Amino acid sequence: MDKWMNSPWFIRIFSLLLALMIYVSVNIETQSNSTSRNTVGQSDVETVTDVPVVAYYDQENLVVSGIPQSVNVMLEGPKSIVTPTKLQRDFEVYVDLSKLSIGKHTVPLKYRNISEKLRVTIDPATITVTIDERVSKDFPVEVDFINKSQIADGYSPEQPIVKPNVVKVTGAKTLIDKVALVKARVDLKGVEETIERESKVTVYDKEGNVLPLDVEPSIVDITVPIKSPSKTVPLKIERKGTLREGLSIVKMEVIPSEVTIFGPKAKIDEIEFISGIEVDLSDITSDTTLQVDVPVPKGAKMVDPAKVTILIEIEQEKERTFDQVPIEIIGLNDAYKAEFIDPADRNVTLTALGAQSVLDAIQLKDIEVYLNVSELGIGEHDVPIEVNGPQNVRWRLPQKEATIRITRNE
C-alpha cells in the first residue's frame, strides 16, 4: 500500500482530482452569488385596481361631490417590495379637504403607508370636487300610483295614508333648493282590496330628475283604501209560520229598506235583491222590534249595513166584506173562450181579514180575483180561485174553486 501511494502516478491522479474539486466548488459559489445579486436588484411594475378613496373634511356640516369611489394605483420598484404591497393593500389613497372653503376645487390625490423605495402613480392623479353646505329640510311625502289603469274592474283607490307623512331630506344646499317633489310609489295592478305597502322615498326636482339626497326615513308605510264597486239593493223578508188567531199585522217595516253590497262588478251586477231574512210570525204576539243580520249574497264581499231593524205592528184582526167582486180569467189563449158555470155571474163575495186600519184603506180596485187557465184546454174545469191584494190581509172566499167551460172561438 505504501509503495502504491509513493508511486508518481498516484500523486499525479490525486492532484488532478483535487484541482477538479476546487474548480467545481468555486464555479458553484460564483453562480449562486450572481443569482442572488440579480434577484435583489430586479425591478417590477404592478397596478392595484379599485383602491378606495378616503376623503377628510367636516362631514357634519359639509357635503362634497366629485370624489371617486376608487382609483387605480401603479407601483414600480423592487419586486420584493411591490409584490407584498399589492397583495396586502394596507396603504391608503386619500384627499384632504379640511382646509378648503365652499366651492369648486381641483385637488391632488395622495397616498400613505407605501415604501419610499417604490414609485407610485395614481390614476387619476387629481380630481375636481365641489364643497357645499350640508343642510336638512322636512318635506311631505306624496304617493304616486303606478298601473292605476290596471286595478281590478270597478275598483278605485281612496286617499292613501302615509306613515310618517313628512320626512327629513339632507344634502348639499344647492340640491335641497332644487327639491320639487318627494314621492313614494305604490303598484295598483290587479288590486281589489285595501293594501298596505312599504315604499322607498325618492326626491325629484321640477324636471323629474332624481336628486342624490339622503332621506330619513328612506322607507315609509303606505295604506291605500280601495273603494269596491257597489250597488244598492232591497231586502226581501220571508215570513215563516202564522200569527196567533185573532191577530193581524198592521205593517212590517225594514229600516233601512235597502242595503249596499260590495264586490266584483260582474258579480254584484247579477244581484237584484237580498233574500234569506226570515221572521217567524208564530213568536210574535204584540208590537215587536227585531235586529237581524243581513246575509252577504254569493259573489259579494260585504254588505252595509250588516244589520237591519224590522218593526212589526200588531192589532186585533177584524173583517170587511166586499160584494160582487168580478173574477178575471188570465192565461187564456186567443183561440179559445171561457164561460162561467159556477158562479154563473162570475162574481164572488170576498171577506178580508186584517187590522182595522189596513182594512179601511182597501179599495175595490186594489183587489184582484182571478183564475189562471194558462195550462187548460177545451172542456169543463174546476179552477182554484186566487186573490191578490194588499199585504198583511187574509182572504176568505165562499168557495175555493170556480167551474168554467173552455171552447174554441168560431
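Note that the structure is a prediction, hence the values are computed from the model and not measured.

Here is what the cut-offs are and how they apply
- Residues numbered from 1 in each chain as written.
- Predicted model: local features only at pLDDT ≥ 70, side-chain atom pairs only at ≥ 80, totals over all residues.
- Heavy atoms only, no water.
- Pairing = 2+ DSSP bridges.
- Helix = DSSP H or I, 4+ residues; strand = E, 2+ residues; numbered from the N terminus.
- Axes fitted to C-alpha atoms, helices over the stretch in contact; angles between N-to-C directions.
- Phe/Tyr/Trp six-rings, centres within 6.5 Å; stacked < 30°, edge-to-face > 60°.
- Buried < 20%, exposed > 50% of the residue type's maximum accessible area, 1.4 Å probe, protein only.
- Domains from an automatic or database assignment.
- Core = buried A, V, L, I, M, F, W, Y, C linked by side-chain atoms within 4.5 Å.
- pLDDT = per-residue confidence, 0-100.
- Contact = heavy atoms within 4.5 Å.
- Polar contact = N/O pair within 3.5 Å; in protein donor to acceptor, adjacent residues only side chain to side chain.

1. Some details on the sheet that holds strand β18 (residues 230-240)
Reading across the sheet, the 4 strands line up as β21-β18-β20-β23 and stay open at both edges, with mixed pairing between neighbours. At either margin of the open sheet sits one strand with a lone partner, and together these are β21 (274-280) and β23 (302-304). Taking the axes of each pair of neighbouring strands and ignoring which way they run, one obtains an average angle of 40 degrees across the sheet. Two strands pair when backbone bridges link them, and β18 and β21 are joined in this way by 5 bridges, in the parallel orientation. Its bridge partner being in β21, leucine 235 is matched across the sheet by isoleucine 274.

2. With respect to the packing of aromatic side chains
What the rule picks out here adds up to 1 aromatic pair. Taken together, a centroid distance of 6.1 Å and an interplanar angle of 75 degrees make the contact between tyrosine 56 and tyrosine 94 edge-to-face. Of the two residues, tyrosine 56 is situated in strand β1 (residues 43-56) and tyrosine 94 in strand β4 (residues 92-96); the sequence distance between them amounts to 38 residues. Residue tyrosine 56 is classed as partly exposed on the basis of its relative accessible area, which comes to 34%.

3. Considering the domain arrangement of the protein chain
Domain annotation of the protein chain identifies domain 1 (43-133), domain 2 (141-227), domain 3 (230-316) and domain 4 (318-408). When each unit is reduced to the centre of its C-alpha atoms, the spacing between domain 1 and domain 2 is 39 Å.

4. So, the nonpolar core
Residues Val167, Val169, Val182 and Val203 are the most contacted members of the largest nonpolar core, which totals 26 residues. Looking at this core, the elements with two or more residues in it are β8 (126-140), β12 (166-172), β13 (181-187), β14 (195-204) and β16 (219-224). Of all hydrophobic cores here, the second largest spans 25 residues; its members include Met252, Ile274, Ile277 and Ile284.

5. Focus: the sheet that holds strand β11 (residues 161-163)
The sheet built from 5 strands is open, its strands ordered β9-β13-β14-β16-β11 with mixed pairing. A single partner strand is all that each edge strand has here, and the edge strands are β9 (142-146) and β11. Neighbour-to-neighbour, the strand axes of the sheet open up by a mean angle of 35 degrees, direction not taken into account. Of the pairings in the sheet, the one linking β14 to β16 comprises 6 bridges and is antiparallel in character. Paired with glutamate 196 across the two strands is threonine 223, which belongs to β16.

6. Some words on unusual backbone geometry
Following glutamate 216, the chain continues to proline 217 via a peptide bond in cis, the omega torsion being -5 degrees. As for its placement among the helices and strands, proline 217 is situated in the loop between β15 (214-216) and β16. One non-glycine residue, asparagine 113, lies in positive phi territory at about 65 degrees. A residue is classified by how much of its surface remains accessible, and asparagine 113, at 58% relative accessible area, is exposed. Even without being a glycine, asparagine 392 presents a positive backbone phi close to 70 degrees. Mapped onto the elements of the fold, asparagine 392 is located in the loop between β29 (386-388) and β30 (394-396).

7. Comments concerning the confidence of the model for the protein chain
Confidence in the prediction for the protein chain averages 89 pLDDT; 90% of positions are at 70 or higher. Between residues 28-40, whose pLDDT stays under 50, and residues either more than four places distant or in other chains, the model counts 0 contacts.

8. Here's the deal with the environment of lysine 236
By the element assignment, lysine 236 lies in strand β18. When its relative accessible area of 43% is taken as the criterion, lysine 236 is described as partly exposed. Distance in space between the C-alpha atoms of lysine 236 and leucine 311 is 14 Å, their sequence separation being 75 residues. For lysine 236, the contacting residues outside a window of four places in its chain are Phe273, Ile274, Ser275, Gly276 and Ile277.

9. Re the pairing of β14
Across 4 bridges, the pairing between β13 and β14 is antiparallel. In the strand pairing of β14, lysine 183 is matched with threonine 202.

10. With respect to the side chain of threonine 85
Within the fold, threonine 85 resides in helix α3 (residues 79-88). The buried category is assigned to threonine 85, whose relative accessible area is 10%. Within the structure, the side chain of threonine 85 is placed 2.7 Å from the backbone oxygen of isoleucine 81, a separation counted as a polar contact. Among residues more than four places away in sequence, those in contact with threonine 85 are Leu75, Phe91 and Leu118.

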